[in-house]
Amino acid sequence: MKDIELQKTYNPKIVEEKIYNFWQTKKLEHSEIDLNKQPFVIVIPPPNITGALHMGHALNNTLQDVIIRYARMNGYNTLWVAGTDHGGIATQNVVERLLLKEGKTRNHLGREKFLEYMWHWREQTGDTILMQLKKLGCLCDWSRTRFTMDDVCSKAVYKAFIRLYNEGYIYRGDRIVNWCPRCNTALADIEVEYRQQKGKLWYIKYPLKEDNSRFIVVATVRPETMLGDTAVAVNPTDARYKNFVGKTAILPLMNREIKIVSDDVVDPEFGSGAVKVTPAHDTTDFEIAQRHNLEIFKVIDEDGRMINVGKYTGMERFKCREQVVEDLTSLGLIEKVEDYTHNVGVCYRCSTVIEPLVSQQWFVKMQDIARKAYNAIKEGKVSYYPENWKEHTLNWLENIKDWCISRQIWWGHRIPVYYCKEMKTQECETKNGIIVSEENLQSCPYCGSENIVQDEDVLDTWFSSALWPFSVFGWGVNENNAELKYYYPTQILVTGYEILYLWVARMIMMGLHFLNEVPFKEVFVHGIVRDLHGKKMSKSLGNVIDPLDVVEKYGTDALRFTLVSSTTAGRDIHLSEESFVLSRNFMNKIYNMTRFILMNISQQDVQLIKDWIKNFSSLKTSSLNIAEEWIVYELNLLITKIKQYYKKYLLGTIAHELYEFVWFKFCDWYLETAKIDLQKDERKVTTLGLLLVILNKILKLLHPIIPFFTEYIYQNIKSFFDEEEKESILNTKFAEEFELEFDNFKVLSYNVIKNIISEIRSIRNEFKLPLNIKPNIIIVAENQKILDTIKNYSHYIIRLSLINDICFVNKYTDEFKKPLHSATAVFEITKEFGTLELYVLLEEIIDLEKEKQRLKKEIEETEKFFISLEQKLNNFEFLTKAPQNEVEKVKEKYLLTKEKIEKIRRYYQQL
RNA sequence: GGGUAGUUAGCUCAGUGGGAGAGCGUCCGGUUUACACCCGGAAGGUCGUAGGUUCAAAUCCUGCACUACCCACCA
């Protein structure tokens, strides 16, 4: 694959295609049980089969891929399990919409045909997203791909249900559930979103039975529900209503007698202080009804239409509201109407206003199960990154409610419960005719009756998701299998915070309950992808950035690099198109830097360079020049930092550090000095060898983030290394620090040279020197050693700052008079080396007024700092209370700054 | 109503006790042959606000304002 092309621009499309095909043949992602190696496992948050890849997926999976590749390069037996989620209501909605286009509804087809249709649809399109993940470079072991409704996972679902049922954790009960009249199903509390909505608060007069000229006034935002009222409640301490409690009121429009009761939940401050009680359609009212044994009277059906209410029957609930208000108004029973803003619950899928409905549902009793999870998290068996989500999860677990797991749809795991209609035996009767069975039953196992029916409902989609970390390893088929033993618990779960409770907490609970071990040791929580201004991406806002478009335009690696570098500790990500341009440019930069290196290698040098690289590890830094020593030193610092950041999963910081090092240190500085070295034949091999060694390290550091690009470059340079046997960069070891002893003086000297060059450039710009004017400069120092070192490398300064020549002056031994027509700068180095003066000889070009201003500004800035140092040192408390090394540091800076400022002042005055 | 996070350059964000940083944008200058998807330079900030702790605060604490998200049964 030696084909770095001559084009000046990196073409991701061609390269990524090539590398993708290369990987396809290598099956690098495959993992097998290897007891000699430590496993490092990630189980994917399974995307919904309806989903086309969006930015959230791209982010989530890129992060996982970075982590898995890093672990892989550190010698772990990595496994990333892929799969998809059947997605319950969301998926059924999508398919029903498709059906509707054909003019059909699910009821036309019937359950069986409808499911057939759905499975067929899934076969055709369900794996699209997995293909897209593959293209993203995700190192999932595709041979293990699972689906929440495949045989293996379904077995786990039934097994879990039956076990929970037998253990007494699953029960069936009457509850007020959040009903979505559009989706026609119950929703869990966490599937309900609240929206603030402007509404009205109606005050309605209910006449008293004993004296219909007297009224009790109730306030409500939902007048239509009054038709189902079975009581009025007031606070027991409310003096206004003391005499009403126990009396009977007449429900207007319905002319039903209802009781007036007292209950603590009623807030006397709100509205009129009296509450209408509609047990069938309000959670609080339902609770009141249970405490007072009130009748439950259902007036709204599953489609959101009125029932059992005479002339209102069949009306849509909001239409009915208008009608009720109109009728009450004409009866003179509306006392007043107020504007009122309140929260309305809506379905998280379709935003339809939720109707609280009383109905029979299956529930999981959560308290015991949650306590186990609570303790495990508290004990640190699961670590959260960033940590603050730990506390959130604990809070949620503490206040957990029972989990409604039945859903009134067809797509999903059908609840494995049968009802015997006959109950012919005693045994059958004690069981209430409820049969829980994984098998497809034809007759009742208790009484033999063939008159049995299976529960119509399916399980909440999150029920199967909660089992995902172990169902994928075949727990449902055989819970003692070797894979489960080896791979479970997994290492880390990567997810957005929006499903922390919906999913993550439940996995922890189920993992602990069924396997007695947490399903993952770590949870990495990332934010949600938003647009540049923090708005959620949505089609209606038109601010969606499609990852596939980005890949098309800028390449997969650019997408990945941007996503990773935008990730900061659990915060939301604000994406803009231009951020991908930056990443694309970064890739191009490295591409060209590589081209430069390879272009400079002549055929006859290849072997020499290989030999040099082979011996590099035994080299001493003394054979390196200061630029080389500096860059190697900086690279070591970088590697150390990056390894630490990985421990804390600070992936965004890692991307930033790499960007900075490669561009600003390696390319802008080292490569520029290397160009100068390359002109001397005797330095050529060393320079090129070192450039390749560093490039190789950089590739490895970058590989987890931009795998395609780094693989491509690696394939083009790997022949220089003893790594011929490594087919892919993925099989190499992650970059380690060089084991070298550094000479701090060399590093320091190089930094001084850098500063001198920058300063000269700045002066050139300030005085608008054209490029063809190359002034002479004078460097004055107090220390001969540093003067000699700079002298040795003066060619760097001459080339990089475009000057003619340098004159070196030792302040103590040489005669020196400050040249008048020059621009001046003073540098502080260290206590040992003192300060250094720079004169750029400008002769008649200089504008002395400008130089004056330049120095004045410098003096002002330095003075500000100097005064702060002085104040510190004059402060007795600072001297006594601050740590000694801080005081020392300030003292040193003080002396240096003093020297500097005095010098600049003197020059200023001479002008 | 409760909780959490955020408020730093025009924009997007780093920085968690010792001289305010990056990228983009802006302005100035560049065919320095790896890269114009580039190079060099510059301007731009009383670090939301009011207090407090400390020798020292963008950084720690408290109040307030605004923003975002999560949670909650207030009709």
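Everything below is about the structure shown above.
Structural notes, computed from the coordinates. (Residues numbered from 1 in each chain as written. Chains lettered and ligands numbered in written order. Predicted model: local features only at pLDDT ≥ 70, side-chain atom pairs only at ≥ 80, totals over all residues. Heavy atoms only, no water.)

A word on the nonpolar core
Of all hydrophobic cores here, the largest spans 215 residues; its most connected members are Met55, Phe463, Ile779 and Ile797. Residue contributions to this core peak at 15 residues, all from helix H20 (residues 651-678). Apart from residues lying up to four places away in sequence, Phe463 is in contact with Val157, Ala160, Phe161, Leu164, Val364, Trp403 and Ile405. (Core = buried A, V, L, I, M, F, W, Y, C linked by side-chain atoms within 4.5 Å. Buried < 20%, exposed > 50% of the residue type's maximum accessible area, 1.4 Å probe, protein only. Helix = DSSP H or I, 4+ residues; strand = E, 2+ residues; numbered from the N terminus. Contact = heavy atoms within 4.5 Å.)

Regarding the protein's contact with RNA strand B
Around RNA strand B, the structure places 56 residues, and the nearest of them are Thr9, Phe270, Trp663, Lys857 and Lys881. For RNA strand B, the fraction of atoms within 4 Å of the protein that belong to sugar or phosphate moieties is 56%. In the model, a sugar or linking oxygen of RNA strand B is placed 3.2 Å from a nitrogen or oxygen of the Ala219 main chain. Between RNA strand B and the protein, one listed contact pairs a sugar or linking oxygen with a side-chain N or O atom of Glu578 at 3.0 Å. Those elements giving two or more residues to the surface near RNA strand B turn out to be strand E8 (215-220), strand E13 (334-347), helix H17 (577-599), H20, helix H23 (744-766), helix H26 (848-874) and helix H27 (876-881). If one sorts the elements of the surface near RNA strand B by residue count, H17 sits on top with 11 residues. (Near = heavy atom within 4 Å. Polar contact = N/O pair within 3.5 Å; in protein donor to acceptor, adjacent residues only side chain to side chain.)

Quick look at the sheet that holds strand E22 (residues 490-496)
Whether parallel or antiparallel, the strands of a sheet pair through hydrogen bonds between backbone atoms. One open sheet holds the 3 strands; their spatial order is E15-E23-E22, and the pairing between them is parallel. With partners counted over all chains shown, the strands left at the sheet margins are strand E15 (383-385) and E22, one partner each. Taken pair by pair, the neighbouring strands of this sheet meet at an average axis angle of 20°, ignoring direction. With 3 bridges joining them, E15 and strand E23 (residues 520-526) adopt parallel strand pairing. Each bridged residue has a counterpart across the sheet, and for Tyr385 the counterpart in E23 is Phe524. (Pairing = 2+ DSSP bridges. Axes fitted to C-alpha atoms, helices over the stretch in contact; angles between N-to-C directions.)

Topic: the pairing of strand E2 (residues 77-81)
The buried fraction of E2 amounts to 5 of the 5 residues, a majority that puts the element mostly inside the structure. What you see with E2 is no split at all: Asn77, Leu79 and Val81 on one side and Thr78 and Trp80 on the other are buried throughout. As paired strands, strand E1 (residues 39-43) and E2 are joined by 5 bridges and run parallel to one another. The residue bridging Phe40 from the neighbouring strand is Thr78, located in E2.

Considerations on helix H24 (residues 784-792)
Buried residues of H24: Ile786, Leu787, Thr789 and Ile790, and no others. Within H24, the buried residues cover an arc of 165° as seen down the axis, which keeps them to one side. (Arc of directions from axis to C-beta.)

A look at the pattern of salt bridges
For the structure on display, the rule yields 49 salt bridges. Among the ionic pairs, Glu96 bridges to Arg106, the shortest N-O distance being 3.5 Å. With Glu96 in helix H3 (residues 88-101) and Arg106 in helix H4 (residues 106-125), this residue pair connects regions lying 10 residues apart in the sequence. As a salt-bridge pair, Lys746 and Glu629 come within 2.8 Å of each other at their nearest N and O atoms. (Salt bridge = Lys/Arg side-chain N within 4 Å of Asp/Glu carboxyl O.)

Digging into the sheet that holds strand E28 (residues 822-830)
The strand order across the open sheet formed by 4 strands is E27-E26-E29-E28, and the pairing between neighbours is mixed. Strands with a single pairing partner mark the edges of an open sheet, and in this sheet they are strand E27 (806-810) and E28. Strand-to-strand twist of the sheet, defined as the mean angle between neighbouring strand axes without regard to direction, takes the value 20°. The pairing of strand E26 (residues 777-781) with strand E29 (residues 834-841) spans 5 bridges and is antiparallel. Residue pairing across strands places Ile777 opposite Val840, the latter belonging to E29. Packed onto the sheet, helix H28 (residues 884-910) meets E28 and E29 and runs at close to 170° relative to E28.

A few points about the packing of aromatic side chains
A complete count under the given rule lists 44 aromatic pairs for this structure. With a centroid separation of 3.5 Å and an interplanar angle of 5°, the aromatic rings of Tyr70 and Tyr646 are classed as stacked. Separated by 576 residues along the polypeptide, Tyr70 in helix H2 (residues 55-73) and Tyr646 in helix H19 (residues 626-647) bring together distant segments of the chain. Residue class for Tyr70 comes out buried when judged on its relative accessible area of 15%. Judged by centre distance (5.3 Å) and plane angle (80°), the ring pair of Phe616 and Phe738 falls under edge-to-face. Here the residue Phe616 occupies a position in helix H18 (residues 606-616), and Phe738 occupies one in the loop between helix H22 (707-717) and H23, the gap between them amounting to 122 residues. Like Phe616, the residue Phe738 is buried in the burial classification. Joined through ring pairs, the aromatic side chains of Phe561, Phe586, Tyr659, Trp663 and Phe664 make up one cluster. In this arrangement the basic side chain of Arg256 is found over the ring face of Phe297, its NZ or CZ atom lying 4.2 Å from the centre. Positioned above the aromatic ring of Tyr203, the side-chain terminus of Lys336 is 4.4 Å from the ring centre. (Phe/Tyr/Trp six-rings, centres within 6.5 Å; stacked < 30°, edge-to-face > 60°. Lys NZ or Arg CZ within 6 Å of the ring centre and 35° of its normal.)

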